[in-house]
Amino acid sequence: MKALLAGKLSIVAVLLLLLLMVGVTFFVSNEPEPFSPAALVRDKQAVVGSATVLTLVEVAGTLLDKSGGYITNDVTPPFLFLDDMPAWELGVLTQVRDLARSLRNDFSRSQTQSLEHQLLALADPQFSLPNDSWMFPASETEYQKGIDALVEFEQRLRERQQSDTQFYARADNLRAWLALVQKRIGGVAQQLAASVGEQRVNVDLAGDVAAVQSTVSAPVEQVATPWLQIDDVFYEARGTAWALLHFLKAVEIDFAAVLEKKNAQASLRQIIVALEGSLQPVTSPMVLNGDGFGLMANYSLVMTSYISRANAALIELRTLLAEG
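About the cut-offs
- Residues numbered from 1 in each chain as written.
- Predicted model: local features only at pLDDT ≥ 70, side-chain atom pairs only at ≥ 80, totals over all residues.
- Heavy atoms only, no water.
- Helix = DSSP H or I, 4+ residues; strand = E, 2+ residues; numbered from the N terminus.
- Buried < 20%, exposed > 50% of the residue type's maximum accessible area, 1.4 Å probe, protein only.
- Polar contact = N/O pair within 3.5 Å; in protein donor to acceptor, adjacent residues only side chain to side chain.
- Contact = heavy atoms within 4.5 Å.
- Salt bridge = Lys/Arg side-chain N within 4 Å of Asp/Glu carboxyl O.

Novice: Quick one: what's the story with the side chain of Ser 50, residue by residue and with numbers?
Specialist: Relative to the helices and strands, Ser 50 is located in helix H3 (residues 50-65). Since its relative accessible area comes to 1%, Ser 50 is described here as buried. Of note is the side chain of Ser 50, whose polar atom sits 2.9 Å from the side chain of Glu 154. Excluding residues that lie within four positions of it along the chain, Ser 50 makes contacts with Val 41, Glu 154, Leu 157, Arg 158 and Asp 254.

Structure representation (structure tokens):
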């Protein structure tokens, strides 16, 4: 009798544990809601650059403080078995790394031979550390150090006596960062489009008759994302779009004068609208991967359409900044 009761209790305990894990899984898999970069500077004595730096701080902080915290480096169940949210975190982290590097190399420097700011030289490598290190050091610990350095940098920006701490809102600086963004989202669009498999013509050397490459590539290749990685690619794209949406809204504030002079506000707004469209709620418990013109939807291709529109507007924006 006791053995039977013990067996029933064990079954109940296992079921409760599984139910708890399912609940935790849904809790930590919720994507954070977008926030307003304008609200970050509304109550501060903001200067040029405050919106961009504070938005970078908020986006990086969201990685660590969202529901369930940062889980990419978690090694215990159920986090060990999750891949969608870690993919989302990677998309966000990649954009954080790119903007932190641009702050260090472009936005905070007046000329190519000017000195880099010591706080940005500290923040940049902190975000570049591996995203899955759980101990000695933990990724969160190092990313927090980068956030702290950015917070101090923004505080110095607002101190008039700190003339060596600057943010230069120039068209060339903005174009340098946007060039990196363009490459990132171009790659994201290519990965998403490969969800159904496609033939791609090799255009690596197109446009330059004297161009050469290290090894020979096939003129046409078949590209397809492995079935088990389709959802990872999709959620990494969502993380990329989520971070970029906030960074571009911050740029709209700090570079308002530049954008107005170049008549480029509409192009920037078009990118923002496309990214907002890509972040509509996902109503399916799994990423659907139907054929392009089949009965079932293909979430990756829908995401591709938004990302591609953002990329097209981005090309136009960079052209306006250079020639407008």
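Novice: Please give an account of the pattern of salt bridges that cites residues and values.
Specialist: Overall, the coordinates contain 12 salt bridges when judged by the stated rule. Note that Glu 89 is salt-bridged to Lys 66, the shortest N-O span being 2.6 Å. With Glu 89 in helix H4 (residues 84-107) and Lys 66 in the loop between H3 and H4, this pair connects stretches of sequence that are 23 residues apart. A relative accessible area of 0% means that Glu 89 is categorised as buried. The salt bridge involving Glu 152 is made with Arg 156; its shortest N-O contact spans 3.0 Å. Taken as a pair, Glu 152 and Arg 156 lie in helix H6 (residues 139-157) at a separation of four residues, close to a single helical turn. Of the residues examined, Glu 152 reaches a relative accessible area of 33% and is grouped as partly exposed. Linked through salt bridges whose partners overlap, the residues forming this network are Arg 101, Arg 104, Glu 116 and Asp 124.

Novice: Would you mind going over unusual backbone geometry in detail, with residue names and values included?
Specialist: Along the chain, Phe 136 connects to Pro 137 via a cis peptide bond; the corresponding omega equals 0°. Tracing the sequence through the fold places Pro 137 in the loop between helix H5 (118-127) and H6. Here Phe 136 shows up in the loop between H5 and H6. Positive phi is not limited to glycine here, since Asn 263 has a value of about 55°.

Novice: Break down the side chain of Ser 267 for me, citing the residues and quoting the values.
Specialist: With respect to the helices and strands, Ser 267 occurs in helix H10 (residues 265-278). Overall, Ser 267 belongs to the buried group, its relative accessible area being 6%. Contacts of Ser 267, omitting those with residues within four sequence positions, involve Ala 313, Glu 316, Leu 317 and Leu 320.

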